[in-house]
Amino acid sequence: VIGREVNLRWNDDSGLAINPHMFVYIKRLFQGEGDQKVADINENNIALNIMSHMLMLVANPIFDTYGERAKIIEIVRHPLYMVSHWSSYLERFNSPREFTVSFQHKGIKVPWFVAGWEDEYIEANEMDKVLICLIRLYAWLDDSTDKALTSGHQVLTISFETLVMSPDKPLKELEAFLGRKHYPRLSSLLRKQKVPRKTLSQGRGYSQYGWSFDDVKSEEQFYNQSLEQVKISGTSEHISDFLKLIEKYNQKQPSILCAYQ
């Protein structure tokens, strides 16, 4: 609120160029600080919006600290469409620019979330590493979400596929969940993100994360190409479990992709 965390990275999803209140954002740099800012936050119901990674897996400290004030919106995506991203992520895992909390196991750097199944992870080939992570982490996410909801915490799960293909319903759910009206020019923000879409691959894909849709002619083609790559590079045991994950996801989050299962 006092401008210390203004993100000037032009292409960041949380950056200045994407912020609908760009000039309000910049203006904070030149305004004062002090107790009045705290009063402004409380009087105007200003919310802190943080875009995190994998927070729902370990959300208890957030809920313990902030109680009913904390609201987590979990965007879930079809597991098959996460394979390319995770392949790219694990390929650069040893980069000095990669800051995932990690530890050493048998002299090998491994991410925090493989604790308890380190051997399985380090012994797997590259594609199996991706499949193992997705299989285990989707199950972990489901379990964490169920426990949070059972405990009365505020969690909203939104399907990426539904959000970008048929956004009206999830946007209404989001508005009700937050108790806030959408930005008055929401339609312009949706157009920037190419929402709604005819295919999932029409959005602002980032090539550095392994996304490239130049050669994709249809959703079915991209789906089949991705699945074929899994079958070529993975082992039968993990492929079987991954197909079960896809089936379970389709049951919980039905979309146009169910037709290609």
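In this report, the structure presented in the accompanying data block is examined.

A word on the overall build of the chain. Looking only at helices and strands, the chain has 11 helices and 4 strands in total. Each principal axis of the C-alpha atoms in the chain carries an extent, and together these give about 60 × 45 × 40 Å. Long-range pairs, those at least 24 residues apart, make up 60% of the contacts in the chain with a sequence separation of at least 6. For the chain, the exposed surface amounts to about 16,600 Å²; the carbon and sulfur share of it is 52%. Seen as two clouds, the 31 positive and the 33 negative side-chain charges of the chain have centres 8 Å apart.

Another point: the nonpolar core. Membership of the largest hydrophobic core comes to 50 residues, with the highest contact counts inside it found for Leu-80, Trp-86, Leu-134 and Phe-242. Counting residues per element, the ones that place at least two in this core are β1 (71–76), α4 (83–91), α5 (118–123), α6 (126–150), α7 (160–165), α10 (219–233) and α11 (236–252). It is α6 that provides the largest number of residues to this core, a total of 10 residues. Setting aside anything within four residues of it in sequence, one finds Trp-86 in contact with Met-54, Phe-113, Val-130, Cys-133, Leu-134 and Leu-137.

Attention now moves to the pairing of strand β3 (residues 108–111). As paired elements, strand β2 (residues 102–105) and β3 share 4 bridges and run antiparallel to each other. From the neighbouring strand, His-105 faces β3, where its bridge partner is Ile-108. What sits between the antiparallel neighbours β2 and β3 is a turn of 2 residues, in which Lys-106 has the positive phi angle 55°.

A word on the packing of aromatic side chains. Across all of its chains, the model carries 9 aromatic pairs by this definition. Their ring planes at 65° and their centres at 4.9 Å tell us that Tyr-81 and Phe-222 sit as a pair that is edge-to-face. Residue Tyr-81 is located in the loop between β1 and α4, and its partner Phe-222 is located in helix α10; the two are separated by 141 residues in the primary sequence. The same class applies to Tyr-81 and to Phe-222, which are both buried. Taken together through their ring pairs, the aromatic side chains of Trp-86, Tyr-89, Phe-93, Trp-112, Phe-113 and Trp-140 make up a single cluster. It is Lys-71 that lies over the ring of Phe-177; its NZ or CZ is 5.6 Å from the centre. Between Lys-129 and the ring centre of Tyr-121, over which it is positioned, the NZ or CZ distance is 5.3 Å.

Our focus in this paragraph is the side chain of Glu-219. Within the secondary structure layout, Glu-219 lies in helix α10. The buried charged residue Glu-219 lacks any salt bridge partner; its closest oppositely charged side chain belongs to Arg-77, at an N-O distance of 6.8 Å. A distance of 2.5 Å separates the side chain of Glu-219 from the backbone nitrogen of Leu-200, its partner in a polar contact. Setting aside anything within four residues of it in sequence, one finds Glu-219 in contact with Tyr-81, Thr-199, Leu-200, Ser-201, Ile-256, Leu-257 and Tyr-260.

As a further point, take the pattern of salt bridges. This model, assessed by the stated rule, comprises 5 salt bridges. The residue Asp-143 makes a salt bridge to Lys-147 at a minimum N-O spacing of 3.2 Å. Of this pair, Asp-143 and Lys-147 both sit in helix α6, separated by 4 residues, roughly a single helical turn. The class for Asp-143 is partly exposed, based on a relative accessible area of 38%. Each of Asp-142, Lys-248 and Lys-252 takes part in salt bridges that share partners, so that together they form one network.

Attention now goes to the packing of α6 against α11. Relative to each other, α6 and α11 sit at 35°, their axes nearing to 10 Å. Judged by the twist between their axes, the crossing of α6 over α11 is left-handed. Contacts between α6 and α11 involve Asp-128, Leu-131, Ile-132, Leu-134, Ile-135, Tyr-138 and Asp-142 from the former and His-238, Ile-239, Asp-241, Phe-242, Leu-245, Lys-248, Tyr-249 and Lys-252 from the latter. The class makeup of the residues in the contact of α6 with α11 is 9 nonpolar, 1 polar and 5 charged.

Turning to the environment of Leu-55, a few remarks are in order. Assignment of secondary structure puts Leu-55 in the loop between α2 (35–44) and α3 (60–66). Taking the relative accessible area as the measure of exposure, Leu-55 reaches 28% and is therefore partly exposed. Sequence separation of Leu-55 and Leu-90 is 35 residues, and the distance between their C-alpha atoms is 19 Å. Setting aside chain neighbours within four positions, we find Leu-55 in contact with Ile-62 and Ile-72.

Procedures and definitions
- Residues numbered from 1 in each chain as written.
- Predicted model: local features only at pLDDT ≥ 70, side-chain atom pairs only at ≥ 80, totals over all residues.
- Heavy atoms only, no water.
- Helix = DSSP H or I, 4+ residues; strand = E, 2+ residues; numbered from the N terminus.
- Contact = heavy atoms within 4.5 Å.
- Areas by Shrake-Rupley, 256 points an atom, 1.4 Å probe, with all protein chains shown as cover.
- Lys, Arg positive; Asp, Glu negative; His and termini not counted.
- Charge placed at Lys NZ, Arg CZ, Asp CG, Glu CD.
- Core = buried A, V, L, I, M, F, W, Y, C linked by side-chain atoms within 4.5 Å.
- Buried < 20%, exposed > 50% of the residue type's maximum accessible area, 1.4 Å probe, protein only.
- Pairing = 2+ DSSP bridges.
- Phe/Tyr/Trp six-rings, centres within 6.5 Å; stacked < 30°, edge-to-face > 60°.
- Lys NZ or Arg CZ within 6 Å of the ring centre and 35° of its normal.
- Salt bridge = Lys/Arg side-chain N within 4 Å of Asp/Glu carboxyl O.
- Polar contact = N/O pair within 3.5 Å; in protein donor to acceptor, adjacent residues only side chain to side chain.
- Axes fitted to C-alpha atoms, helices over the stretch in contact; angles between N-to-C directions.
- Left-handed = near helix turned anticlockwise from the far one by under 90°.
- Nonpolar A, V, L, I, M, F, W, Y, C, P; charged D, E, K, R; others polar.

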